[in-house]
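Read off the chains here:
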Amino acid sequence: LNERIPQNGPNDEIGQLTQSINGLLSRLEQAIIREKQFTSDASHELRTPLAVLRGTLEVLIRKPRSTEEYELKIQSALQSIDRMSDIINQLLALARTESGTNMVKEEVELITLCEEIADEQAKEKGRTIRFESAVSAPIFIMCNEKSLRMILRNLLANAFKYSPQECPVRLKVGYLDGRAIVQVIDQGEGILPENLTKIFDPFFRQQSALESGKPGTGLGLAIVRKLADEGGLEVSVRSELGKGSEFTILFPRIS
Ligand code: ADP
C-alpha cells in the first residue's frame, strides 16, 4: 500500500487519473492504520480488567480466607466483569452503527422527542433537566429516530457525569439559520481546548475523567460521531474549562 504510481507524466487525463488513484491509496492506507489502532486499543482496554480479574482469582485460590476477604475479592472480580461488559456493549453499539440500519430516515417531531428523552433521562438518573424550546410550533425533521435517541442519551449522560449533581443540565431546541438545532448544555468541568476534537476518538478520555475514577469507556462520543456522520447531522462542541460544555446538533436543511 505504500506504493504509488509514479507521476511524472504530462498533466493530461492519465496524469489526473494517476493523481486520483494515488489519493485513493493514501485514504485507504489511513483507514487501515486507523482500523489497526482501534483493534489494538480495544484489546488493550479489555486486557486491563481481565488482568485484574485474573490477579484477584489467583489470590483467592492460593489459601483459604475469611468470609469478609472472600466477599471483598469477589466484589472486585464482579467490578472487572462489569467493566468488560460495558466495553463490549459499547463496542457492539459502535459496530452496529456501521451495519447501515441507521440510514433509514423517518419524519420526527423534534420538540416532542426531546421533551420525552429529557423526562426519561432526568427520572432515570435522578437529575434536573431544563427543557427550553425557542418555538412553539412543531419542528418536523427527517432522521433515524433510534440514532437520534442514542445521540441525545449519550450527550445527556456525559453532561450529568461531568457536572455537579446540583447543577441542572439544559436541553435546548430551536432553529439556526433555518436549520433545526438541539443543544445539550452543562455547567461542569469543561474540556481542554486541545481535547475538543480528540474526545470524539474511540477510547479517548480526558486525564480528569481518568483520575476522578468516573466510570466510562471513552466510546460514547465515538458512537455519537459515527451516528451523526451516517445521518448527515453536524455535531460540534464548545467548552470552557471549569465553566461547562455545550454540544450542538445541527440538522440538514429541509428542502
Ligand atoms: P466516557 O465513557 O469517558 O464518558 P465519551 O466518549 O462519552 O466517553 O467521552 C470522552 C471524554 O470526553 C470523557 O472521558 C470526558 O473526558 C470528555 N467529555 C465528554 N463529555 C463531556 C462533558 N459534557 N463535560 C466534560 N467532559 C466531557
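The paragraphs below set out a description of the structure included in this document. Please read these numbers as outputs of a predicted model, since none were measured by experiment. Counting restarts for each chain: residues are numbered from 1 in the order of the written sequence. For this predicted model, a pLDDT threshold of at least 70 governs which residues receive local features, and a threshold of 80 or more governs which side-chain atom pairs are given and counted, while totals over whole chains, interfaces and linings are taken from all residues. To get the side-chain values, take all heavy atoms of the structure and skip hydrogens and water.

What follows deals with the overall build of the chain. Numbered from the N terminus, helices here are DSSP runs of H or I no shorter than four residues, and strands are runs of E no shorter than two. Counting secondary structure elements, the chain contains six helices and seven strands. The N-to-C order of helical and strand elements in the chain reads α-α-β-α-β-β-α-β-β-α-α-β-β. The quantity called the radius of gyration is restricted to C-alpha atoms. Its globule counterpart is 2.2 Å times the number of residues to the power 0.38. Taking 2.2 N^0.38 as the reference for a compact globule, 255 residues should give roughly 18 Å; the C-alpha atoms of the chain span a radius of gyration of 23 Å, well beyond that estimate. Considering the chain as a whole, with its 255 residues, one finds that 37% of them fall into the buried category. Here a residue-residue contact requires only that any non-hydrogen atoms of the pair lie within 4.5 Å. For the chain, the share of sequence-separated contacts (at least 6 apart) that also reach a separation of at least 24 residues comes to 70%. Burial classes follow relative accessibility: with a 1.4 Å probe on protein chains only, a residue under 20% of its type's maximum area counts as buried, one over 50% as exposed, and anything between as partly exposed.

Within strand β7 (residues 244–250), seven of the seven residues are buried, leaving the element largely enclosed by the surrounding structure. Burial along β7 is two-sided: the face carrying Gly244, Glu246, Thr248 and Leu250 and the face carrying Ser245, Phe247 and Ile249 are both buried. Relative to β7, strand β5 (residues 179–186) runs antiparallel, the two sharing six bridges. Pairing of valine 182 across the sheet is with isoleucine 249, part of β7. A pair of strands is considered paired only if DSSP assigns at least 2 bridges between the two.

Along the chain, glutamine 183 turns up in strand β5. N or O atoms within 3.5 Å of each other form a polar contact, as long as, within protein, one can give a hydrogen and the other can take it, and as long as residues adjacent in sequence are counted only when both atoms are side-chain atoms. Among the polar contacts made by the side chain of glutamine 183, one reaches the side chain of glutamate 246 at a distance of 3.2 Å. Looking at glutamine 183, its side chain comes within polar contact range of the side chain of threonine 248, at 3.1 Å. Setting aside residues no more than four positions away along its own chain, glutamine 183 makes contact with Arg170, Leu171, Lys172, Glu246, Phe247 and Thr248.

Right, let's get into the site of the ligand. We call a residue near a molecule or strand whenever a single non-hydrogen atom of that residue lies within 4 Å of it. Around the ligand sit 19 residues in total, of which Asn158, Tyr162, Arg205, Thr217 and Leu221 are the nearest. At a separation of 2.7 Å, an oxygen atom of the ligand approaches a polar side-chain atom of tyrosine 162. Contacts to the ligand include leucine 221, whose backbone N or O atom sits 2.9 Å from an oxygen atom. Sorting the residues of the shell around the ligand by element identifies α4 (145–161), α6 (220–231) and β7 as the ones contributing at least two each.

The next subject is the pattern of salt bridges. One side-chain nitrogen of Lys or Arg within 4 Å of one carboxyl oxygen of Asp or Glu is enough to make a salt bridge. Following the criterion strictly, the structure yields twelve salt bridges and no others. Glutamate 69 is the salt-bridge partner of arginine 65, the closest N and O atoms lying 3.4 Å from each other. In this structure, glutamate 246 engages arginine 238 in a salt bridge whose closest nitrogen and oxygen atoms are separated by 3.3 Å. By relative accessible area, which is 18% here, glutamate 246 ends up buried. Counted as one network, the salt bridges with shared partners bring together Glu116, Glu145 and Arg149.

For the rest of this paragraph, the subject is the nonpolar core. By nonpolar core we mean a set of buried residues, namely Ala, Val, Leu, Ile, Met, Phe, Trp, Tyr and Cys, connected to one another through side-chain atoms within 4.5 Å. One finds Leu110, Ile141, Leu152, Val182 and Phe251 to be the most contacted residues of the largest nonpolar core, which totals 46 residues. Elements with a minimum of two residues in this core: α2 (67–96), α3 (110–125), β3 (140–143), α4, β4 (169–176), β5, α6 and β7. Once residues within four sequence positions are removed from consideration, leucine 152 is found in contact with Leu113, Cys114, Ile117, Leu171, Val182 and Ile249.

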